Amino acid sequence: MQNLTATRVLLPGIIGPYDAHVDLADHWNGFVRPLFTLDTVRQIATDTQAQADECGRDDVITAHVIDGDTGRSGEHRAVVLVVNWPYWGQDGGAKKATNIVEPTTYGLYGIGGSSWSWEFQTWDCRCEEKNPWHVTVCQCGELRDMQVAAPKGMRATRVSVDGSEAYPAFVAEHARYGQHVTPHFTLDTVRQLAVGTQEAAAQHDPRSAETVHVLETAPDTGGNRGVIVLHIDWFTEVDEGPKDAVRTIVPTEHGLYAVGSDWHWKIAGWWCVCDQDNLWNDNQCNACGLARAEQPKTGLDTAVWKVGRVLRTLVPAVTAALVDLTHLGHICAVFAGDVEVDLGDDTGPFDAETLGEADEILRQALDEAAGDLTGSGWERVPDKRSDRLYRITFPAVRTH
Ligand SMILES: [Zn+2]
Ligand SMILES: [Zn+2]
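Now for a quick tour of the structure.

1. Some remarks on the coordination of the zinc ion (ligand 2)
Cys272 (SG), Cys274 (SG), Cys285 (SG) and Cys288 (SG) make up the full set of protein donors to the zinc ion (ligand 2), lying at 2.2 to 2.4 Å. One can describe the donor arrangement at the zinc ion (ligand 2) as tetrahedral, given that its four donor atoms subtend angles of 102 to 113 degrees at the metal. Mapped onto the sequence, the residues coordinating the zinc ion (ligand 2) show the spacing C-x1-C-x10-C-x2-C. Of the two residues, cysteine 274 is situated in the loop between β20 (269-271) and β21 (277-279) and cysteine 285 in the loop between β21 and α6 (299-312); the sequence distance between them amounts to eleven residues.

2. What about helix α1 (residues 38-55)?
Over its 18 residues, α1 extends 25 Å from the first C-alpha to the last, a length consistent with the 26 Å expected when each residue adds 1.5 Å. If you follow the buried residues of α1, they end up packed against β2 (15-22), β5 (35-36), β6 (61-70), β7 (76-84) and β9 (109-110). Count one or two residues on from α1 and you reach glycine 56, which has phi positive near 85 degrees.

3. Brief notes about a negative patch on the surface
On the surface, Asp345, Asp346, Asp351, Glu353 and Glu357 cluster together to form a negatively charged patch. Within the secondary structure, aspartate 345 is located in the loop between β24 (339-341) and α7 (352-368). For aspartate 345, a relative accessible area of 48% puts it in the partly exposed group.

4. Comments concerning the environment of glutamine 192
Tracing the sequence through the fold places glutamine 192 in helix α3 (residues 187-203). By relative accessible area, which is 33% here, glutamine 192 ends up partly exposed. Along the sequence, glutamine 192 and cysteine 125 sit 67 residues apart, while their C-alpha atoms lie 21 Å from each other. Excluding residues within four positions of it along the chain, glutamine 192 makes contact with Leu143 and Tyr167.

5. A look at the sheet that holds strand β8 (residues 98-101)
Taken in spatial order, the three strands of this open sheet run β6-β7-β8, and their pairing is antiparallel. Here the strands that pair on one side only, and so sit at the sheet edges, are β6 and β8. Along the sheet, successive strands turn relative to each other by an average axial angle of 25 degrees, direction set aside. Relative to β7, β6 is paired through eight bridges, and the arrangement is antiparallel. Within β7, the residue paired with threonine 70 across the bridge is histidine 76.

6. With respect to α6
In an α-helix, one full turn covers 3.6 residues, which means residues spaced three or four apart are oriented alike. The end-to-end C-alpha distance of α6, which contains 14 residues, comes to 20 Å, matching closely the 20 Å that a straight helix rising 1.5 Å per residue would cover. Where burial is concerned, most of α6 is hidden: ten out of the 14 residues are buried. Buried within α6 are the following residues: Leu300, Asp301, Ala303, Val304, Trp305, Val307, Gly308, Val310, Leu311 and Arg312. Lining the buried residues of α6 we find β23 (330-336), α7 and β26 (389-393).

7. Quick notes on the environment of aspartate 58
With respect to the helices, strands and loops of the structure, aspartate 58 is situated in the loop between α1 and β6. Taking the C-alpha atoms as reference points, aspartate 58 and tryptophan 85, 27 residues apart in sequence, are found 6.1 Å from one another.

8. Notes on the pairing of strand β22 (residues 320-324)
In terms of residue burial, β22 counts as a mostly covered element, since five of its five residues are buried. In β22, alternate side chains face the same way, and those of Ala320, Leu322 and Asp324 on one face and Ala321 and Val323 on the other are all buried. Across five bridges, β22 lies against β23 in antiparallel orientation. Bridge pairing in β23 links aspartate 324 to histidine 330. Inspection of the sheet shows β22 paired to β26 by five bridges, in the antiparallel sense. Paired with alanine 321 across the two strands is isoleucine 392, which belongs to β26.

9. Overview of the nonpolar core
Within the largest apolar cluster, 26 residues are counted, with the highest numbers of intra-cluster contacts made by Leu311 and Trp378. When residues of this core are traced back to their parent elements, those giving at least two are α6, β22, β23, α7 and β26.

10. Examining empty space enclosed by the protein
Evaluation of the coordinates by the stated rule reveals one cavity of 30 Å³ or more. Approximately 30 Å³ is the volume found for the largest cavity. What lines the largest cavity is simply Glu142, Leu143, Met146, Ala156, Thr157, Arg158, Pro168 and Trp280. Grouping the amino acids of the lining of the largest cavity by side-chain chemistry returns five nonpolar, one polar and two charged.

Definitions and cut-offs
- Residues numbered from 1 in each chain as written.
- Chains lettered and ligands numbered in written order.
- Predicted model: local features only at pLDDT ≥ 70, side-chain atom pairs only at ≥ 80, totals over all residues.
- Heavy atoms only, no water.
- Donors = N, O, S within 2.8 Å, 3.2 Å for Na, K, Ca; no water.
- Tetrahedral: all angles 85-135°; square planar, octahedral: opposite > 155°, others 65-115°.
- Helix = DSSP H or I, 4+ residues; strand = E, 2+ residues; numbered from the N terminus.
- Expected span 1.5 Å × (residues − 1).
- Contact = heavy atoms within 4.5 Å.
- Patch = residues over 30% accessible without salt bridge, like charges linked within 9 Å, V, L, I, M, F, W, Y side chains within 5 Å.
- Areas by Shrake-Rupley, 256 points an atom, 1.4 Å probe, with all protein chains shown as cover.
- Salt bridge = Lys/Arg side-chain N within 4 Å of Asp/Glu carboxyl O.
- Lys, Arg positive; Asp, Glu negative; His and termini not counted.
- Charge placed at Lys NZ, Arg CZ, Asp CG, Glu CD.
- Buried < 20%, exposed > 50% of the residue type's maximum accessible area, 1.4 Å probe, protein only.
- Pairing = 2+ DSSP bridges.
- Axes fitted to C-alpha atoms, helices over the stretch in contact; angles between N-to-C directions.
- Core = buried A, V, L, I, M, F, W, Y, C linked by side-chain atoms within 4.5 Å.
- 1 Å grid on protein atoms, 1.4 Å probe; cavity = no way out; pocket = protein on both sides within 12 Å on 5 of 7 lines; lining within 4 Å.
- Points joined across faces, edges and corners; volume = space filled by probe spheres on them.
- Nonpolar A, V, L, I, M, F, W, Y, C, P; charged D, E, K, R; others polar.

Below, the structure written as structure tokens:
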């Protein structure tokens, strides 16, 4: 079976976007080869035919769905075809111009898969990364579904109660660190809250817990669902019965839900490698300027950042170093851009103590990683004398 990913595709500036299923390993000249449901093919047919009406048939390829009657076992019968009008006037005429599209075993149709320049629809993250539609979490941790425009006076961040799990939410623009906020959540996040609160209630005494519930219908043909969000206070239920315990949370005009508005939500934070505590909505560290997305992820990368900090105390322009692992992580060259810094004790800017401190940071990290460099940003450098020479590059820092 083909491994299909649900995504959205378009012909930039021409038609789309459309919901599509794509085998990510399958492409044509760098373009996507999408598969569509019959409903989507109908939309493509409408759009391409409108284009032909507008631009004339000479350069246009059109899609068509011709519905038949109901088949013997009640199935809907339809013929899908693609007409390449530029071929129509040539030898072969109608026959050459017409291409019948057979459905796959899953009833999907490949339209224009080896001739149209289909591309993924992208979404722009707040961190400026462009992600294909099916990537729902950006590398910086932001969710695609939170990229809707923030309501006026609010900003996107993450919130948590008691520093536990942090949920993406919109909060008042002026909210400060440590203050209580009234977060507004997307439906997607409310579904996560429902799971989270119900799991917590099951683990503790459910009678004293508060739970969130999302009741929803399957989407209609327009893709819209019927949704009801409930908040149940089980403590109230014990004393006063279900009628007083259940609250319906209606969405705001922006389609957001203020769930648990009295739960003592606070803006979540993130610790920078430099030990600065930052608000989630600050994408760059307030102290050192390193982006949240660029935080070191392994012990070895953290060590690289620390070595950079140590060396920069004496030479702020340092960018990279060479480390020879045959000598237990010994720094054998330091660079400031293209310039090699003199490591001589008497002649260069570093003293033995500073270099020793940097060596020691690397030694400890290599020890903890048991010499395993996979997943780190360490780059092997071919060398005649050592087969264990690595280049480490220090993250750029804010220069005040
Ligand atoms: Zn991002
Ligand atoms: Zn920092």
